[in-house]
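Each chain is listed here by its residues.
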Amino acid sequence: MVRTSPWSDSEVLALVTELPAWAVRLRVERRNRFWSQKEMARRLAEAADDDVRARLPSRESIVRRIKAYEAGHNQPDDPYRLLYARALGLAEDELFEHNPRSLGFAGDDEWDALDLARRAAATEVGRETLERLELAVDDLAVAYPRMPPRELLVRVRRHLSYVSQLLDAKKTLSEHRRLLVAGGWLSLLAATCLIDLRRFPAAAARLRTAAQLAKESEHREIAAWCLETEAWQVLTDGDFGQALALAQAAQRVAPGGSSAYIQATAQEGRPGRASAGPGRPTRR
């Protein structure tokens, strides 16, 4: 039912050292969003303008291109560089820079600590790894009010990459759900950082991922925080009616008395003025 990961820990380091940095980055960014290569192809096509979309090859051909790019066979050229940047919500220079350190693997103490705990456990995922991961998610959420969003986003991406790897490992159904929940909180936190950085397309993509993981894990509080965060964003844009509707929807979804319910209630009581921020999502 659950297969062994095709992307082991040792292969991650091999990717960093043997493949071009941009090829590793393309794969990491796709997997961090929990997109298949087929889904990536769809996103690339959707990112194209009408005239460019009309000239794109078949979806199967785009999937073959994606596989070639991620294997480092050739670097994307026009129009695929721009399409990748749009689909992933990143600048072209950021996406195709030749800097393996930006991937957050080599020398990263947090990632190394989590991976060491996993290796010491009896299973490929295990209770110890999950507990450390959940504590790391809590620490990142606590750091949100005091850490610059760009710096926090780098740390969140590293942990999302690790969650993505663990989702491919052998695990129980309970472990699978806990990984989905961790991925949901991290995706939500990434979205919040991206909103702070005014990178709205990328934030919207992260919010969609968080909402999808909330649905799959049946986690009502993450789902409510997704709605509340979207309410905060549209409120800052001056769309008070939509902000009110989203805040009310968040209240309906959130467990009574939860942090998401309290924040959404406060958001509803602020018509006509934007709040200072979306608050800090609190993991349950």
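Keep in mind it's a predicted model, so treat the numbers as computed, not measured.

(A) Molecular detail of the overall build of the chain. Check the secondary structure of the chain and you find 15 helices and 0 strands. Within the chain, residue pairs in contact and separated by at least 24 positions form 69% of the contacts whose partners lie at least 6 positions apart. Total accessible area on the chain stands at roughly 13,200 Å², and carbon and sulfur atoms take up 51% of it.

(B) Region of the structure containing the pattern of salt bridges. Per the stated rule, a full pass over the model turns up 11 salt bridges. With its nearest N and O atoms 2.3 Å apart, the salt bridge here joins E46 to R42. Highlighted residues: E46 and R42, both in helix α3 (residues 37-47), separated by 4 residues, approximately one helical turn. You can call E46 partly exposed: its relative accessible area is 48%. Members of the salt-bridge network, linked through shared partners, are E39, R42, R43 and E46.

(C) Examining the packing of helix α10 (residues 149-167) against helix α11 (residues 173-196) more closely. One can describe the packing of α10 onto α11 by two numbers: an axis separation of 9 Å at closest approach and a directional angle of 155°. On the basis of their axis angle, the class for α10 and α11 is roughly antiparallel. The element α10 and its partner α11 pack so that their crossing is left-handed. The residues of α11 that touch α10, namely those facing P149, L152, L153, V156, H159, L160, V163, L166 and L167, are H176, L179, L180, A182, G183, L186, S187, L189, A190, C193, L194 and D196.

(D) Geometry of α10. Look at α10: 26 Å from first C-alpha to last across 19 residues, which is about the 27 Å you get at 1.5 Å a residue. Of all the 19 residues making up α10, 14 are buried; the element is thus mostly covered by neighbouring parts of the structure.

(E) Up close: the environment of S58. As for its placement among the helices and strands, S58 is situated in the loop between α4 (50-55) and α5 (59-70). Accessibility expressed as a relative area gives 38% for S58, which makes it partly exposed. Each C-alpha atom of the pair S58 and A45 lies 9.7 Å from the other, and the pair is 13 residues apart in sequence.

(F) Focus on the side chain of R157. Among the structural elements, R157 can be located in helix α10. Filtering out sequence-adjacent residues up to four positions away, R157 remains in contact with R25, E29, N32, L90, E94, R199 and R206.

(G) Spatial organisation of the packing of aromatic side chains. Under the criterion given, the structure shown has 2 aromatic pairs. Chaining the aromatic ring pairs together yields one cluster made of Y69, Y80 and Y84. Geometry around W35 places R33 over its ring, the cationic atom sitting 5.9 Å from the centre. Sitting over the ring of F96, R81 keeps its end group 4.3 Å from the ring centre.

(H) Structural detail: the nonpolar core. L152, V156, L179, W185, L186 and L188 are the most contacted members of the largest nonpolar core, which has 43 residues in total. Those elements that place two or more of their residues in this core are α9 (126-143), α10, α11, α12 (200-217) and α13 (220-236). Ranked by the residues each element gives to this core, the list is headed by α11, at 13 residues. Ranked by size, the runner-up nonpolar core spans 24 residues in total, among them L26, V63, Y69 and Y80.

(I) The confidence of the model for the chain, seen in detail. Scored by pLDDT, the chain comes out at a mean of 77, with 76% of its residues at no less than 70. When the elements of the chain are averaged for pLDDT, helix α1 (residues 9-18) gives the smallest value, 40, and α3 the largest, 94. The low-confidence segment residues 1-17, where pLDDT is below 50, has 37 contacts with residues more than four positions distant or belonging to other chains. Across residues 99-107, confidence stays below pLDDT 50; counting only partners more than four residues off in sequence or on other chains, it has 22 contacts.

So, how was this worked out
- Residues numbered from 1 in each chain as written.
- Predicted model: local features only at pLDDT ≥ 70, side-chain atom pairs only at ≥ 80, totals over all residues.
- Heavy atoms only, no water.
- Helix = DSSP H or I, 4+ residues; strand = E, 2+ residues; numbered from the N terminus.
- Contact = heavy atoms within 4.5 Å.
- Areas by Shrake-Rupley, 256 points an atom, 1.4 Å probe, with all protein chains shown as cover.
- Salt bridge = Lys/Arg side-chain N within 4 Å of Asp/Glu carboxyl O.
- Buried < 20%, exposed > 50% of the residue type's maximum accessible area, 1.4 Å probe, protein only.
- Axes fitted to C-alpha atoms, helices over the stretch in contact; angles between N-to-C directions.
- Parallel < 35°, antiparallel > 145°, perpendicular 65-115°, else oblique.
- Left-handed = near helix turned anticlockwise from the far one by under 90°.
- Expected span 1.5 Å × (residues − 1).
- Phe/Tyr/Trp six-rings, centres within 6.5 Å; stacked < 30°, edge-to-face > 60°.
- Lys NZ or Arg CZ within 6 Å of the ring centre and 35° of its normal.
- Core = buried A, V, L, I, M, F, W, Y, C linked by side-chain atoms within 4.5 Å.
- pLDDT = per-residue confidence, 0-100.

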